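Descriptive analysis of the structure
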Amino acid sequence: MAAFDEQLSAEDAAHLADCAECQREVASLRRSVDVLAVPELAAPGQAIAPPPQVWAAIAAATAVNVSPREEAVARGVDAPAPGPTESAGHELAGSDAGSATVVPIGSRSPRRSAARWLPLAAAVLVGGFIGAGAVAVTQNGAGGAVVAQAGLDPLPEQNASGSAEVRESRGVRELRVDLDLPELDDGYYEVWLLQTDAQRMVPVGVVQRGATVLPLPADLDLAAYPLVDVSVEPLDGDPTHSGVSVVRGELSS
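This write-up is about the structure you can find in this document. (Residues numbered from 1 in each chain as written. Predicted model: local features only at pLDDT ≥ 70, side-chain atom pairs only at ≥ 80, totals over all residues. Heavy atoms only, no water.)

**Points about the pattern of salt bridges**
Short version of the rule: By definition, a salt bridge exists where a carboxyl oxygen of Asp or Glu is found within 4 Å of a side-chain nitrogen of Lys or Arg. A 1.4 Å probe rolled over the protein chains alone gives each residue an accessible area, and that area as a share of the maximum for its type sets the label: buried under 20%, exposed over 50%, partly exposed in between. Helix and strand assignments come from DSSP, with helices taken as H or I runs of at least 4 residues and strands as E runs of at least 2, each series counted from the N terminus.
With the rule as written, the count across this model stands at three salt bridges. The shortest N-O distance in the salt bridge between Glu165 and Arg167 comes to 2.8 Å. By relative accessible area, Glu165 is classed as buried at 17%. Between Asp229 and Arg248 there is a salt bridge, with the nearest N and O atoms lying 2.8 Å from each other. Within this pair, whereas Asp229 is found in strand E8 (residues 227–233), its partner Arg248 is found in strand E9 (residues 245–250), the two being separated by 19 residues in sequence. Arg248 gets classed as partly exposed once you look at its relative accessible area, which sits at 28%.

Structure representation (structure tokens):
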């Protein structure tokens with residue numbers, strides 16, 4: 001909220017004024033906000049219905065098989081969200097928020113050059129992810145017992161390093177990742193837990209330079225996914241691993 005110049009509560013404003021770590025985090029997020037800001041869009045104006053090819057590109061890139069109602073698009077308002085549907089090649093996620101989503105490493109689809117709108121849409125989403133990561137860091141404490149840890153070594157031709165540890169408190173596990181990484185001009189870093197043969201993986205969350213704390217799925221077997229991997233992801237809207245990793249290490253108890 002501070003990065004968007006939203007008014008904070010008195011308690012949060014006082015904390016931000018005295019916390020150097022949070023001030024650095026807000027400054028980092030504000031750079032992303034400034035990059036995405038378009039002055040022409042800040043001025044109020046009449047809503048304009050997007051052309052049909054915009055939704056066609058979204059549907060093609062995401063395998064969504066529903067479309068907004070024509071009358072809602074014409075009015076420039078959002079149609080009610082459709083109920084869950086099952087698209088070809090995509091299995092609906094379970095309702096349990098603590099369950100893990102396992103992604104085969106070989107399932108990454110080719111880039112769709114026609115979906116040129118994706119970088120901006122992905123940038124907005126990444127901003128939300130980064131904000132969540134910032135909250136995780138801000139609220140992080142040193143509580144819980146360390147149940148596994150790993151040194152993260154750079155992969156060939158990569159200038160990066162870091163460490164990772166899994167802490168558990170009252171049955172809840174978190175992955176703390178502390179990274180020394182170069183800044184990215186176009187993309188973001190994401191953490192994955194991999195099988196030892198790197199054929200299947202579980203996405204954990206978006207990270208930045210420094211410390212980030214991410215919750216782990218309750219049903220995730222760390223013995224089956226012991227490798228901590230940090231990848232560089234482009235702003236292309238594709239949720240699968242890019243195939244470009246910067247650091248990796250194996251968790252040990």
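**Section: the pairing of strand E3 (residues 161–169)**
Convention followed: The pairing criterion is simple: DSSP has to find at least two bridges between the two strands.
Direction of pairing for strand E2 (residues 145–154) relative to E3: antiparallel, over a ladder of seven bridges. Note that in E3 the partner of Ala148 across the bridge is Val166. Between the antiparallel neighbours E2 and E3 lie six residues, among them Glu157 with a positive phi of about 65 degrees. Two elements, E3 and strand E4 (residues 172–180), share nine bridges in a ladder whose sense is antiparallel. Bridge pairing links Glu168 to Arg173 in E4. Linking E3 back to E4 in an antiparallel pair, the connection comprises two residues, with Arg170 at a positive phi of about 55 degrees.

**Description of the environment of Asp153**
Mapped onto the fold, Asp153 is located in strand E2. For the pair Asp153 and Arg248, spaced 95 residues apart in sequence, the C-alpha to C-alpha distance is 5.5 Å.

**Details of the pairing of E4**
Residues Arg173, Leu175, Val177 and Leu179 of E4 are buried on one face, while the alternating residues Val172, Glu174, Arg176, Asp178 and Asp180, pointing to the opposite face, are not. Examined bridge by bridge, E4 and strand E7 (residues 210–215) share six bridges and lie antiparallel to one another. Looking across to E7, one finds that Glu174 is bridged to Pro215.

**Remarks on the nonpolar core**
To keep it simple, the criterion reads: Buried residues of nine kinds, namely Ala, Val, Leu, Ile, Met, Phe, Trp, Tyr and Cys, make up a nonpolar core once their side-chain atoms join them within 4.5 Å. Note on contacts: a residue pair is in contact if any heavy atoms of the two residues lie within 4.5 Å.
Membership of the largest hydrophobic core comes to 26 residues, with the highest contact counts inside it found for Leu175, Leu179, Val191, Leu193, Leu216, Val230 and Leu251. Broken down by secondary-structure element, the contributors of at least two residues to this core are E2, E3, E4, strand E5 (188–194), strand E6 (200–207), E8 and E9. Other than its neighbours up to four places away in sequence, Leu216 contacts Val166, Arg173, Glu174, Leu175, Leu193, Val204 and Leu222.

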